[in-house]
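Observations on the three-dimensional arrangement
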Amino acid sequence: MNANTTEIIESYLKGELSGAEKTAFEAQLEQDPLFKSEIELQKDIMNSIKGYRKNQLKERLNNIDVSATSYFNLAAIKIGISILILGMLSYGSYFYLSSEDEIKEEIKVTSGITQEKIASEVDIPQTPKEANDGNPESIKEQEVVKTESQIIKEETASKKSVASNTESKNAKVERKEVIVAPNVIDTFEEKQIIVNNSHFDNTSNSNTIPSDKITEVEIKHEENKSKDLKYKYLNKKLYLYGDFSTSPYELIELNSNVGKKLFLFHNNLYYQLSESQKTIAPLAPINDSIVIQELDSLKAKKGN
Amino acid sequence: MSDNEILDKIRRGDESALDYLYKKYFKMMAKLIITNNGTDEEARDIYQEALIVFWQKAVSNNLVLTSKISTYLYSICQNLWRKELDRKSRLSYEDKDGADTFDPDKEERIKIINNCINELGDTCRKLLTYYYFDEMSMSDIAEKLGFANADTAKTKKYKCKKQLDSLIKSKFKASDFLD
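One structure accompanies this document, and this report is about it. (Residues numbered from 1 in each chain as written. Chains lettered and ligands numbered in written order. Predicted model: local features only at pLDDT ≥ 70, side-chain atom pairs only at ≥ 80, totals over all residues. Heavy atoms only, no water.)

**Comments concerning the state of the cysteines**
Residue and element names in this part refer to chain B.
- For the structure on display, the rule yields one disulfide over all chains.
- Covalently, Cys124 is tied to Cys160 through a disulfide, its sulfur atoms 1.9 Å apart. Taking the torsion about the sulfur-sulfur bond, which here is approximately -80°, the covalent link between Cys124 and Cys160 counts as left-handed. Taken as a pair, Cys124 in helix H7 (residues 122-132) and Cys160 in helix H9 (residues 150-174) lie far apart in primary sequence, 36 residues in all. Here Cys124 matches Cys160 in class, with each residue buried. (Disulfide = S-S within 2.5 Å. Helix = DSSP H or I, 4+ residues; strand = E, 2+ residues; numbered from the N terminus. Buried < 20%, exposed > 50% of the residue type's maximum accessible area, 1.4 Å probe, protein only.)

**Section: unusual backbone geometry**
- With a phi close to 65°, Asn268 of chain A is a non-glycine residue in the positive phi region.
- Classification of Asn268 of chain A as exposed rests on a relative accessible area of 68%.
- For Asn61 of chain B, which is not a glycine, the phi torsion comes out positive at approximately 60°.
- Tracing the sequence through the fold places Asn61 of chain B in the loop between helix H3 (40-59) and helix H4 (69-93).
- Accessibility expressed as a relative area gives 56% for Asn61 of chain B, which makes it exposed.

**Quick word on the interface of chain B and chain A**
- Taken residue by residue, the interface counts 43 residues in chain B and 29 residues in chain A.
- Across the contact surface, chain B and chain A share nine salt bridges.
- The interface formed by chain B and chain A holds 17 residue pairs in polar contact (both at pLDDT 80 or more) in total.
- Elements supplying a minimum of two residues to the side of chain B that touches chain A: helix H2 (16-34), H3, helix H6 (104-119), H7 and H9 of chain B.
- A per-class count over the side of chain B that touches chain A returns 19 nonpolar, six polar and 18 charged. (Contact = heavy atoms within 4.5 Å. Salt bridge = Lys/Arg side-chain N within 4 Å of Asp/Glu carboxyl O. Polar contact = N/O pair within 3.5 Å; in protein donor to acceptor, adjacent residues only side chain to side chain. Nonpolar A, V, L, I, M, F, W, Y, C, P; charged D, E, K, R; others polar.)

**Comments concerning the packing of H7 of chain B against helix H8 (residues 138-145) of chain B**
All names here are of chain B.
- Where H7 contacts H8, the two axes come as close as 11 Å, and the packing angle between them is 150°. In terms of crossing hand, the pair formed by H7 and H8 is right-handed. Of H8, the residues touching H7 (which contributes Thr123, Lys126, Leu127, Tyr130 and Tyr131) are Met138, Ile141, Lys144 and Leu145.
- Classifying every residue of the contact of H7 with H8 gives six nonpolar, one polar and two charged. (Axes fitted to C-alpha atoms, helices over the stretch in contact; angles between N-to-C directions. Left-handed = near helix turned anticlockwise from the far one by under 90°.)

**Thoughts on the sheet that holds strand S5 (residues 259-266) of chain A**
All names here are of chain A.
- Spatially, S4-S5-S6 is the arrangement adopted by the three strands of the open sheet, whose pairing is antiparallel. The two strands at the open ends of the sheet, each matched to only one other strand, are strand S4 (249-256) and strand S6 (269-273). Averaged over all pairs of adjacent strands, the angle between their axes in this sheet comes to 30°, without regard to strand direction.
- Against the sheet, helix H8 (residues 289-301) engages S4, S5 and S6, with an angle of about 105° to S4. (Pairing = 2+ DSSP bridges.)

**Describing H8 of chain A**
All names here are of chain A.
- Taking 1.5 Å of rise per residue, 13 residues should cover 18 Å, and H8 covers 18 Å from first to last C-alpha, within 8% of that figure.
- By the burial criterion, the buried members of H8 are Leu295, Leu298 and Lys299. Taken around the axis of H8, the buried residues stretch over an arc of 95°, which confines them to a single face. Seen from the open side of H8, the exposed residues pointing more than 90 degrees away from its buried face are Ile290, Gln293, Ala300 and Lys301. (Expected span 1.5 Å × (residues − 1). Arc of directions from axis to C-beta.)

**With respect to the side chain of Lys157 of chain B**
- The residue Lys157 of chain B is located in helix H9 in this model.
- Judged by relative accessible area, which is 10%, Lys157 of chain B ranks as buried.
- Setting aside its immediate chain neighbours within four residues, Lys157 of chain B contacts Glu10 of chain A together with Leu127, Leu128, Tyr131, Tyr132 and Met138 of chain B.

Right under this line is the structure:
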């Protein structure tokens, strides 16, 4: 095959032959099968060369990382994590960079708080034995709360001075701490009240077990504005979920020869609590009138 | 980079323009595919193919652009994806049929050809690929590959092609393919 033929073949395969030339060429193809197979081969070769180039470009593009631009935004997550780490580092360095004196002061302040906490916890369990007035208790609580807030104020004041002494990046940290403190008071306070209630309520009457034996039920209240009341009983602690603030609630314990049963009275409804309820379950009101009667009498006996 | 700057780069054979377009519009194209029953990987494949179609047209001066490049690329993606979806739905009907249209002889031939292309020297391979796919002019090829002029390039191309042809044919003889 000479150069001329090759050129014609290539022109044909590229579609560059004129109408007449093309017809002539194709006639030749039909007459000469060997020529035809040669053309077929040349066609395959040309396509393969093109294919090679296509793959080359595809590989080039495929090696470019565009994962950050797809829906799964890896870059955004990476940025988020690095900001978090930065935040944690600056928080850590804030403590590290504070001078020794200021650290001592902080330790004093925090230990002061723990001491207060211990004191108030010791105080309150005794009060149910007193007249059910509520006044002595509330005063104590108020005192506790007051001193708590005082200490917190001192704490933030000292931390503020510490912050101003140390280098930058601590502004964020300081603000964070102020936000955290009030929450501590809230839950603390609530816990106090609830502990009161439970201790108080469990001086309830029982059928066979003498009444001066108080069964202590530790209650944890998860602050929740939802209307659905739920509970769970885990590790001998009663967890209550939901909005109980509409009316006070009462725990009633029924002791019989088949065992102990726990009931919750709230908003004029009785709910039975199972001590084996380890997962969160909704509170189901009791409809059985006989049980309700019995529980009513129990409640009355308690002298509420 | 403006659209015109991109086109200029492509006509000069500057592949970095492709990189740029790929990164810039990937999200846009991926969204089209993914919201139309496509996976992330399929989105990548389709957009890469679309870019290569675009490249070939632009570099061989066969491109008539009446809109933004992104719009043009988007419509290529739409076409390619529609074809792919059709192919996928047909496959589910013609599972067994597909196997019958497979030509083992042709497959073998193509495999040999590809092997030979890979065996070529770099310069020859580049020359041939630029000539047949990018449809670069001989003078452009001469410039890009460092030949003296267009004629030198043309001669070199002829020689390279001859080399490839004989390489392939010798391999065919070895596999006793042509009877």
